[in-house]
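# Coordinate inspection notes
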Amino acid sequence: MSDSLLLIVIVALVALLAAGGLFFMFRRSSKPVPPPAAPPKVEEAEKEAPAASAPAQADEGGATTTLPPPATRPAEPMVKAPEIDVPLPSAGRMVRLRARLARSQNAFGKGLLELLSRDRLDEDVWEEFEETLLTADLGVTPTQEIVGELRTKVKVLGSRTPAEVRALLREQLLAQVNPDLDRTLHVEKHGERPAVVLVVGVNGTGKTTTTGKLARVLIGDGKKVVLGAADTFRAAAADQLQTWGDRVGADVVRGPEGGDPASVAFDAVAKGLEEKADTVIVDTAGRLHTKTGLMDELGKVKRVIEKRSTVDEVLLVLDATTGQNGMRQAQVFAEVVNITGIALTKLDGTAKGGIVVSVQRELGVPVKLVGLGEGADDLAPFDPEVFVDAILGD
């Protein structure tokens with residue numbers, strides 16, 4: 001009986017608790033649900049936006065710190081194009097440089113004139129005269145010819161005035177320089193094909209500088225020029241030629257340092273054809289004449305060029321101050337390529353003017369260009385009469 005009563009009490013408590021829970025749930029769900037909050041007006045949002053991103057911020061002490069404006073990227077500097085020179089035409093250039101040539105060669109000419117003007121021309125005088133010619137790098141054979149001709153004519157002439165002596169010596173020197181040689185630079189284009197000039201010589205003769213100066217000469221005469229920097233072995237040779245090209249507005253074709261010179265030469269000729277240039281000038285490496293492999297490579301450069309064009313001019317650059325050493329260089333180069341002309345540099349310095357005669361005699365080719373100074377326009381087409389007159393003075 002007691003167990004039944006306890007079970008009844010428990011069931012009653014469970015029922016009571018369940019009823020109470022239902023009552024509270026009903027009251028909660030019967031409360032009205034508030035409407036959703038309205039979104040903020042656009043105007044208020046716009047007003048609050050700058051406040052959020054304002055540059056000023058208040059710290060604890062009330063002070064305001066202003067943030068710096070965002071850094072702006074500096075404008076990149078403009079690359080200034082190189083200023084292009086306008087060279088003077090080549091006509092009359094050696095006449096303009098005659099005074100410079102005369103200053104370096106005049107002592108030689110005056111010495112010869114002084115000897116011939118003596119009252120008595122004995123054997124001692126003629127030997128001194130011969131020695132003066134030899135020390136001027138004239139060469140043995142030309143010296144003997146000049147002395148022989150002068151001795152004969154002086155005997156026939158008898159008395160000699162200064163004007164007559166000068167005329168006699170001028171005649172003999174001019175004959176040795178040989179004004180009848182064709183000194184034309186073959187730089188004229190052939191239809192659509194540009195003329196190609198190959199510049200050769202050993203390091204130190206001024207070969208790359210002569211290439212750049214020759215470009216100035218041709219551009220001064222109104223020609224369009226492309227330069228080929230095929231001297232890929234000498235450090236900065238291509239940069240040096242690039243500077244010359246930039247000065248006068250000539251395109252420069254170059255390759256990697258230590259690269260194949262023949263490839264650069266080939267590309268230069270191709271560029272000349274593409275640009276319809278008048279002349280392509282190719283500067284080659286300064287070959288040491290004692291290294292057969294390098295000389296063979298020079299021959300390769302010429303052969304590769306001839307796959308696209310013909311080589312119209314091969315200029316051998318010689319340092320006029322080297323004398324007989326320069327003559328030996330000329331002989332070796334002549335065996336590798338068909339030299340068509342000589343460019344004598346540094347003729348205004350300590351050079352002896354007789355090298356003009358001896359190198360022409362040795363190679364059988366004319367001196368076509370002479371360097372008469374360090375300036376950009378100091379390369380001149382060789383003029384035999386101006387040269388001899390500068391030696392003898394006025």
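See the structure above.
Residues numbered from 1 in each chain as written. Predicted model: local features only at pLDDT ≥ 70, side-chain atom pairs only at ≥ 80, totals over all residues. Heavy atoms only, no water.

### Topic: the overall build of the protein
The helix and strand inventory of the protein stands at 14 helices and 10 strands. By sequence separation, contacts in the protein at least 24 residues apart represent 75% of the contacts at least 6 residues apart. (Helix = DSSP H or I, 4+ residues; strand = E, 2+ residues; numbered from the N terminus. Contact = heavy atoms within 4.5 Å.)

### Side note on the sheet that holds strand β8 (residues 341-345)
Spatially, eight strands are ordered β5-β4-β6-β3-β7-β8-β9-β10 in an open sheet, and the strand pairing comes out mixed. Each edge of the open sheet is held by one strand with a lone partner, namely β5 (251-254) and β10 (379-381). Adjacent strand axes in the sheet meet at a mean angle of 20° when their direction is disregarded. The sheet contact formed by strand β9 (residues 367-371) and β10 spans three bridges and is antiparallel. Paired with V370 across the strands is A380, a residue of β10. Packing of helix α9 (residues 237-248) onto the sheet brings it into contact with β4 (225-230), β5 and β6 (279-284), and relative to β5 it is tilted by some 165°. In the packing of helix α10 (residues 261-275) onto the sheet, contacts are made with β3 (195-200), β4, β5 and β6, and the angle to β4 comes to roughly 170°. (Pairing = 2+ DSSP bridges. Axes fitted to C-alpha atoms, helices over the stretch in contact; angles between N-to-C directions.)

### A short note on empty space enclosed by the protein
Inspection of every chain in the model, using the stated rule, returns one cavity of 30 Å³ or more. Put simply, the largest cavity is a space of about 70 Å³. Around the largest cavity, the lining residues are F108, L138, L173, Q176, V177, G353, G354, V357, F387, V388 and I391. Elements with a contribution of two residues or more to the lining of the largest cavity: α7 (162-177) and α14 (384-392). Class assignment of the residues belonging to the lining of the largest cavity gives a composition of eight nonpolar, three polar and no charged. (1 Å grid on protein atoms, 1.4 Å probe; cavity = no way out; pocket = protein on both sides within 12 Å on 5 of 7 lines; lining within 4 Å. Points joined across faces, edges and corners; volume = space filled by probe spheres on them. Nonpolar A, V, L, I, M, F, W, Y, C, P; charged D, E, K, R; others polar.)

### Quick look at unusual backbone geometry
Excluding glycine, a negative phi dihedral is what most residues carry, and trans is how most peptide bonds are arranged. Phi at N178 is positive, roughly 65°, even though this residue is not glycine. Of note, N178 is situated in the loop between α7 and β3. Residue classification places N178 among the partly exposed positions, given a relative accessible area of 26%. (Buried < 20%, exposed > 50% of the residue type's maximum accessible area, 1.4 Å probe, protein only.)

### Observations regarding the side chain of K213
Summarising the element assignment, K213 is placed in helix α8 (residues 207-220). Despite its burial, K213 pairs with no opposite charge, the nearest such side chain being D378 at 5.3 Å. (Lys, Arg positive; Asp, Glu negative; His and termini not counted. Salt bridge = Lys/Arg side-chain N within 4 Å of Asp/Glu carboxyl O.)

### A look at the packing of α7 against α14
Contact geometry for α7 and α14: axes closest at 10 Å, N-to-C directions at 140°. Considering their axes alone, α7 and α14 lie oblique with respect to each other. In terms of crossing hand, the pair formed by α7 and α14 is right-handed. Along the contact surface, α7 presents R166, L169, R170, L173, L174 and V177, while α14 presents P384, E385, F387, V388, D389 and L392. Classifying every residue of the contact of α7 with α14 by side-chain character gives eight nonpolar, no polar and four charged. (Parallel < 35°, antiparallel > 145°, perpendicular 65-115°, else oblique. Left-handed = near helix turned anticlockwise from the far one by under 90°.)

### A short note on α7
Helix length check: α7 (16 residues) gives 22 Å between terminal C-alpha atoms against 22 Å at 1.5 Å per residue, within 8%. Within α7, burial applies to V165, L168, L169, Q172, L173, L174, Q176 and V177. Just past α7, the residue N178 takes up positive phi, approximately 65°. (Expected span 1.5 Å × (residues − 1).)

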